[in-house]
Every structure is written in structure tokens, then in C-alpha cells.
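Observations on the three-dimensional arrangement
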Amino acid sequence: MTEKKKAAKEAALQGARTAEARIAEEAKKKFTRIDAFEGIYECFALDIACQVLYNGVMHYSAKHALLAAQYPDATDHLQAPGSAEVSAALKLVEGEAEAKTWPQIRLKAMEKILRDKFQRCEEYRKKLKDTGDRDLVWENEEDTFWGATKGRGQNHLGRILMDVRKSIHEETDFHSWLFLCCELESDSVRWPPVELVESKDDGSGDTQVHRLTGKEYYKLGKLPSNSVAALHPSISREHALILHSKLEVARPTGGVAIMDLGSKFGTHVDGRRLTNGFVLEPLKSGCKLKLGASTRSYEVRVNLRSQIEELERQQRELMREVQSIDQDAADPVQAAKRLAKEEATCFVGGLEYDTEKADLLGLFQDCGHVEEVRFPGQQEVGGKAVKGIAFVVFDSAMAARRACGLSGEMFKGRKLKVAPATDRPKGGGKGDGKGKEAKGEEGGRGHDTGSRQFLRDMLDGKWERGVALPSLSPERRERPRRASPVRRSPGRPSPRPSPRRSPPRDRSRSRSGRKDRKKTERRRKKRKKSSSDSDSSSDSGGV
């Protein structure tokens with residue numbers, strides 16, 4: 001009984017301490033939070049005069065931009081010279097129809113507006129950062145959605161401000177602003193290569209070509225880390241930005257646009273200075289850029305042909321998949337058999353280039369019955385893993401799963417990679433040619449080799465369509481095909497060699513291949529020597 005009383009007393013004391021800590025924390029937040037957006041914190045208010053870009057239109061304040069998002073038909077009226085005051089803007093939107101999707105888009109619209117506001121003013125950004133981790137609450141008398149009234153409300157304005165502050169502390173605010181407000185293009189297919197041909201304005205000096213590929217945006221400025229480094233004194237450290245955007249303003253130029261990053265001496269396109277900083281300007285092929293007062297200019301070249309070719313390739317792949325789906329729908333029984341065979345197939349990578357079928361049969365003998373072994377690049381039966389990879393077909397999916405357990409094991413001094421053949425390779429399965437597999441590591445699967453269509457073509461024996469992989473053998477080179485030795489009878493003159501050379505073909509330079517070639521060369525020399533001896537003997541007999 002005494003122990004129960006002690007335990008109850010201890011629990012009561014622990015609960016009292018927890019309640020006391022919670023009350024102290026709430027009191028601390030209450031006295032340290034910022035709930036009056038005025039004085040030194042007036043920059044957090046929506047009606048403070050500042051430049052805010054929303055939907056391609058520059059507004060007088062964040063409140064004007066929010067009203068334009070809520071009442072789209074009143075956007076032009078909010079740009080009138082007499083509507084700079086918030087009270088005048090509120091009168092202009094009276095009687096206007098609210099956007100039908102406003103309840104669904106208002107939070108995203110507010111985040112866009114606030115991120116653009118603090119991105120344009122470094123002073124505002126510094127004040128927001130200096131608030132540390134204090135709570136930001138907009139106390140007002142009537143709006144409980146964006147703020148709070150008498151301590152009650154959803155306070156979405158304060159929440160979004162704290163999210164912006166967090167990204168400033170983590171130094172990700174610029175990247176977040178680019179993705180949210182500039183709508184960066186995330187699909188690498190829609191990144192046409194851009195070239196900047198740098199030259200002196202007076203024509204003296206050599207030209208230099210800057211190739212901008214493989215990224216969503218590229219910075220131009222004085223810093224060495226920029227994609228294009230320019231050292232003129234009038235150029236800022238981060239002067240301008242070229243990016244791929246989904247916005248309507250960049251659509252006529254294939255999504256390529258440029259913006260000035262608030263530089264002192266500005267950025268010029270075809271002799272015209274960009275009026276505002278952090279505003280997208282379409283960048284077409286053939287125009288000339290100039291940074292600040294530099295004596296160098298950059299001619300822009302946008303290669304849209306590669307983008308078109310990639311889209312056409314994707315279209316061909318989609319048409320092939322559609323054709324396969326139609327074939328499966330026409331014959332469901334055959335489709336089920338093919339699917340079972342695909343699930344029972346394993347991809348094996350990291351093999352030695354002289355690995356044969358017998359080696360893999362011994363490797364997987366404890367996993368189950370192996371029905372077939374295919375080496376991409378070898379059309380004949382019983383070839384070798386000249387590309388370092390193989391596809392092994394088991395009699396059941398369970399045997400294939402057991403075989404995947406051998407992934408990571410050492411085989412012939414190399415670490416194996418065994419995975420289901422239907423899985424897409426990591427880093428290179430989207431057709432971009434990136435990742436370890438596309439570069440020749442871990443098996444060498446590249447471009448569309450992780451797709452089900454590739455596996456289907458491989459199992460059907462369509463090597464010319466299903467397998468298009470370069471050889472991974474370090475000793476494999478293209479050599480002209482040698483003519484086969486011709487047996488000559490004694491006294492018969494040797495035929496004249498044809499001037500036409502046969503096309504080159506790949507020959508494996510493995511150890512066994514070198515031995516075979518040496519034997520063939522020795523036999524050829526013996527035949528040549530014997531034929532020459534017979535010719536000399538016949539000539540002497542004739543004399």
C-alpha cells in the first residue's frame with residue numbers, strides 16, 4: 001500500500017512539473033511572440049508599399065497582389081495610378097466576382113506573394129531572419145483565417161511567414177522562390193541546350209563558347225562558381241540568370257528566359273536594358289546579351305533540334321508500348337505466358353567478359369532450374385558476356401527471387417549485381433542516359449534497358465531493337481574484318497586482292513580469344529609455307 005502511495009505521489013509530482021513547464025513555455029511564447037506588424041516589423045504587414053510580382057504583373061503591395069489573385073477581373077483596375085492606396089484598391093474590387101477556385105488556391109497564392117516580396121527586398125529579408133524562432137501572429141479584429149482575433153484564429157499569414165523565415169535560415173529561399181514563383185521546368189527533356197558565344201564588341205580577340213546544358217538554371221556573374229564567369233568591374237557577383245521556365249512568358253522561346261538579379265549596372269538584351277530585377281524576359285536564339293558596362297557581348301544560340309529529336313524518340317517508344325498492349329489484348333493467354341516468363345527473368349551485372357553459360361548454370365544451380373541464358377550482344381547460342389551482363393530465365397518466379405539473394409556476392413573476383421529484370425535501373429531508367437548503369441558500372445544498363453519493352457524484345461530475340469548497348473570490355477576495339485585464307489593448288493597463281501575492304505566488326509580481346517587467334521595465325525603460316533614449298537618444287541620439276 002505504501003509503494004502505491006509513493007508511486008501515485010511521484011506521478012502527481014511529475015504531472016505538476018509538466019504542467020508548470022507547459023505554462024512557462026506558453027507564457028514565454030506569449031511575451032516573446034510578434035503579434036503587432038508595426039514599427040520595426042511593419043514590413044511583415046500586407047499593406048506596406050513594396051513591389052510584388054504576381055502572374056506577370058507588378059503590384060503596389062502584397063495586399064494589391066492578393067486582391068488581384070482573389071478578383072482576377074479587377075487586375076487592370078488595380079494597376080491604375082490612383083489605386084496605390086489600399087483603401088482605394090478595396091473600393092475597386094467591390095462588386096467584383098471572386099475566383100471560383102479561390103478557397104483552393106489562396107494559400108498557394110499567399111505563399112507566392114510573400115516569397116516574391118521578401119526576395120525583392122534584402123532589408124525585409126534580413127529583418128525576417130533576425131526574428132529568430134519567435135512566433136509570428138497577425139493580431140487583428142476581424143480576419144481569423146489569415147490572422148487571429150483575441151488569440152483565436154488560424155493565422156495562415158504568420159505560418160507562411162515562418163516558413164519563409166525557415167528557408168532563409170537554411171539558405172534555400174532563392175531556390176524555393178525559383179520553383180514556386182518562376183515555375184522552373186523539372187523535366188530534363190524540356191531543357192534545350194543553350195550556347196553563349198562570347199566575343200569582344202570591337203571584333204578583336206578570339207571567341208569563346210559557353211555551353212549550358214543539364215541544369216534548370218545558370219548564373220552569370222563574377223563568382224568562379226557561376227556557369228559563366230565575367231570579371232568586368234561593373235558586373236556583380238551574381239549578375240543575371242538564364243533558366244528554363246513553364247511560365248507563359250517563356251513559352252514562345254521554348255521555355256528559355258533570362259532575368260536580372262538586381263544588379264547595379266543592369267543586364268542588356270539587344271541593346272535594351274531590363275527594367276526590373278527578378279522579372280523573366282524571354283530569351284530567343286540570335287539575340288545578344290551584355291552584362292553591365294562590359295566590352296564583351298554574348299550571342300545566344302538555343303538548340304531546339306535536340307529537344308525535338310528526344311520527343312520523337314519518346315513517341316516511338318510509346319507507340320511500341322501501345323502496339324505491345326494491343327497484341328496482349330488480342331491474345332491474353334500468350335500475354336500471361338510472357339508475363340510469367342518476364343517475372344522469372346533476372347538481370348545479372350558485373351560479370352567477367354569471358355563468362356559463359358556453363359558458369360552461370362553453376363552459379364545458380366541451388367536457386368532452381370535455369371531454362372535459358374542470354375548475353376546481349378551475342379546473337380549466336382552459347383556466347384560470352386562481352387558486355388558484362390546477362391539475362392537468366394528460370395522456370396518460376398520463386399527461383400528468380402532466390403537468385404536475387406546472390407546480389408553482392410563475389411564471382412570470378414567481381415561483385416555481382418542480381419536483380420529482377422522488370423525493375424528499372426536506378427539513375428538511368430528514365431531514358432536520360434544517366435546513372436551508374438548508363439556509364440558502364442554495375443552491369444551497364446542504359447537508356448531504355450530498364451523498361452519492360454526492352455525485356456520483351458530481348459526475350460523475343462529482337463536484338464537489333466532490344467539491345468543497343470556499347471561494349472564494356474576495355475580491350476574491345478573495332479578492327480577491319482580479315483579475309484579468310486584461300487587454299488591454292490600447286491601451280492595456281494594467287495588471286496588479286498580486292499580493293500574493297502570489309503566493314504569493321506567487333507572482336508573480343510579476352511584471353512581465350514587471343515589464344516585462338518594465335519593458333520589460327522600459326523596454322524595460316526604453316527599452310528602458306530607448305531604452299532610455297534609445293535610451288536617451288538613444281539617449278540623446279542618443270543625446268
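Cut-offs applied
Residues numbered from 1 in each chain as written. Predicted model: local features only at pLDDT ≥ 70, side-chain atom pairs only at ≥ 80, totals over all residues. Heavy atoms only, no water. UniProt positions renumbered as here; feature names shortened; annotations may be inferred. Core = buried A, V, L, I, M, F, W, Y, C linked by side-chain atoms within 4.5 Å. Buried < 20%, exposed > 50% of the residue type's maximum accessible area, 1.4 Å probe, protein only. Helix = DSSP H or I, 4+ residues; strand = E, 2+ residues; numbered from the N terminus. Contact = heavy atoms within 4.5 Å. Arc of directions from axis to C-beta. Pairing = 2+ DSSP bridges. Salt bridge = Lys/Arg side-chain N within 4 Å of Asp/Glu carboxyl O. Polar contact = N/O pair within 3.5 Å; in protein donor to acceptor, adjacent residues only side chain to side chain. Axes fitted to C-alpha atoms, helices over the stretch in contact; angles between N-to-C directions.

Per an unreviewed UniProt entry, the protein goes by FHA domain-containing protein and derives from Durusdinium trenchii. Checking UniProt for the protein, the heading Subcellular location (unreviewed entry) contains the comment "Nucleus, Nucleolus".

What to know about the nonpolar core
Ranked by size, the top nonpolar core spans 32 residues in total, and within it Phe44, Met110, Leu157 and Leu161 carry the most contacts. For this core, the secondary-structure elements that each account for two or more residues are strand 1 (49–54), helix 2 (62–70), helix 4 (102–120), helix 5 (122–130) and helix 6 (156–169). At six residues, helix 4 tops the list of elements feeding residues into this core. In this structure Leu157 touches Phe37, Leu46, Met110, Leu114, Trp138 and Trp146, once residues within four positions along its chain are discounted. One finds Leu212, Tyr218, Val269 and Leu289 within the second-largest nonpolar core, a separate group that totals 21 residues.

Some details on helix 5
Three or more residues of helix 5 are buried, namely Tyr124, Arg125 and Leu128. The buried residues of helix 5 occupy an angular sector of 100° when the element is viewed end-on, so they sit on one face. More than 90 degrees from the buried face of helix 5, the exposed residues found are Glu122, Lys126 and Asp130. Looking at the buried residues of helix 5, the elements they touch are strand 1, helix 4, helix 6 and helix 7 (173–181). Gly132 sits one or two positions beyond helix 5 and adopts a positive phi of about 65°.

Some words on the sheet that holds strand 10 (residues 272–273)
An order of 4-3-13-12-9-10 is seen for the six strands of this open sheet, with the pairing classed as antiparallel. Bordering the open sheet on either side are strand 4 (208–212) and strand 10, each of which pairs with just one other strand. As paired strands, strand 3 (residues 194–200) and strand 13 (residues 296–302) are joined by seven bridges and run antiparallel to one another. When the bridges of strand 13 are listed, Lys200 appears paired with Arg296.

Things to note about the pattern of salt bridges
In this structure the tally under the stated criterion is 19 salt bridges. Among the salt bridges present, the one from Lys127 reaches Glu123, with a minimum N-O distance of 3.8 Å. Of this pair, Lys127 and Glu123 are both found in helix 5, four residues apart, which corresponds to roughly one turn of the helix. Assessed through its relative accessible area of 48%, Glu123 is described here as partly exposed.

So, the environment of Gln307
Residue position: Gln307 is located in helix 8 (residues 305–330). In this structure Gln307 comes out as buried when scored by relative accessible area, which is 13%. Expressed as a C-alpha distance, the spacing of Gln307 and Arg190, which sit 117 residues apart in the sequence, is 6.5 Å. If we skip the residues at most four places from it in the chain, Gln307 touches Val189, Arg190 and Pro192.

Concerning the UniProt feature "coiled-coil region" (unreviewed entry) in the protein
UniProt feature "coiled-coil region" (unreviewed entry): in the numbering of this structure it lies at residues 301–328. Span residues 301–328 is 86% helix and 7% strand, its end C-alpha atoms 46 Å apart.

Notes on the side chain of Ser234
When you line up the elements, Ser234 lands in the loop between strand 6 (228–229) and strand 7 (240–244). For Ser234, the side chain forms a polar contact with the side chain of His232, separated by 2.8 Å. Here Ala293 takes part through its backbone nitrogen, which lies 2.8 Å from a polar atom of the side chain of Ser234. With residues up to four places along the chain from it excluded, the contact list for Ser234 reads His239, Phe265, Leu291, Gly292, Ala293 and Ser294.

A word on the sheet that holds strand 19 (residues 417–420)
An order of 15-16-14-19 is seen for the four strands of this open sheet, with the pairing classed as antiparallel. Each having just a single partner strand, strand 15 (370–374) and strand 19 make up the two edges of the open sheet. Across the sheet, the mean angle from the axis of one strand to that of its neighbour is 25°, orientation sign disregarded. Where strand 14 (residues 345–349) and strand 16 (residues 389–394) come together, five bridges link them in antiparallel fashion. Bridge assignment links Phe347 to a residue of strand 16, and that residue is Phe391.

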